[in-house]
Amino acid sequence: MAKICTYCGGEMNTNAKFCDHCGKPFEIDSNLPKSSIFVYYIDAIKHYVDFNGRCDRKHYWMFMLVNLLIVSGFMLIGLVLLSITIESILSSIIMVLLLMISIVYSGFILFPILSISIRRLHDQDRSGLFLLFNLIPWIGNLAVVILMALPGTPYDNRYGPYIEK
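Residues numbered from 1 in each chain as written. Predicted model: local features only at pLDDT ≥ 70, side-chain atom pairs only at ≥ 80, totals over all residues. Heavy atoms only, no water.

Draft legend 1. Molecular detail of the overall build of the chain. Helix and strand counts for the chain stand at 4 helices and 2 strands. Going from the N terminus to the C terminus, the chain shows its helices and strands as β-β-α-α-α-α. For the chain, with 165 residues in total, the buried portion stands at 36%. Considering only intrachain contacts with a sequence separation of at least 6, the fraction spanning at least 24 residues in the chain is 59%. (Helix = DSSP H or I, 4+ residues; strand = E, 2+ residues; numbered from the N terminus. Buried < 20%, exposed > 50% of the residue type's maximum accessible area, 1.4 Å probe, protein only. Contact = heavy atoms within 4.5 Å.)

Draft legend 2. Local environment of the side chain of Arg-119. In this structure, Arg-119 sits in helix α3 (residues 89-123). Buried within the structure, Arg-119 lacks any salt-bridge partner; its nearest side chain of opposite charge belongs to Asp-50, at an N-O separation of 4.7 Å. Not counting residues up to four positions away in its chain, the partners in contact with Arg-119 are His-47, Asp-50, Phe-51, Asn-52, Gly-53, Arg-54 and Cys-55. (Lys, Arg positive; Asp, Glu negative; His and termini not counted. Salt bridge = Lys/Arg side-chain N within 4 Å of Asp/Glu carboxyl O.)

See below:
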């Protein structure tokens, strides 16, 4: 079974200690297929304090998709439980419990989102400070989404080597 690099997704043989594509050391052997969206989510969680390097569009958007599915799942469960227990003490308890779960999850996912977003900007040879555009309501948020959708630089840049797709 081939190893899959947690940084660039490149496959190498099982004897390799470093990735030929990005030069980073291998950290895990992945049993999941390379196309599984959960591989990208788990990799982003594992590298939550790694603000250096690059992250391509696929890794970023797959992570965000899984994150959206998790948050939507919480909301759906909350709506179903609240519709069943309308106007009771139990509904108040459920609302408080779901609020606490969402606060804990938001705290848990904050650093992975910051890390992968900064690495995504690095892939375009931009500073992570571009995330401060999010402080500008509406226009700044739209600008950051557009930046995240743009392709990375097709050559080595100051943040790391080019990640071949």
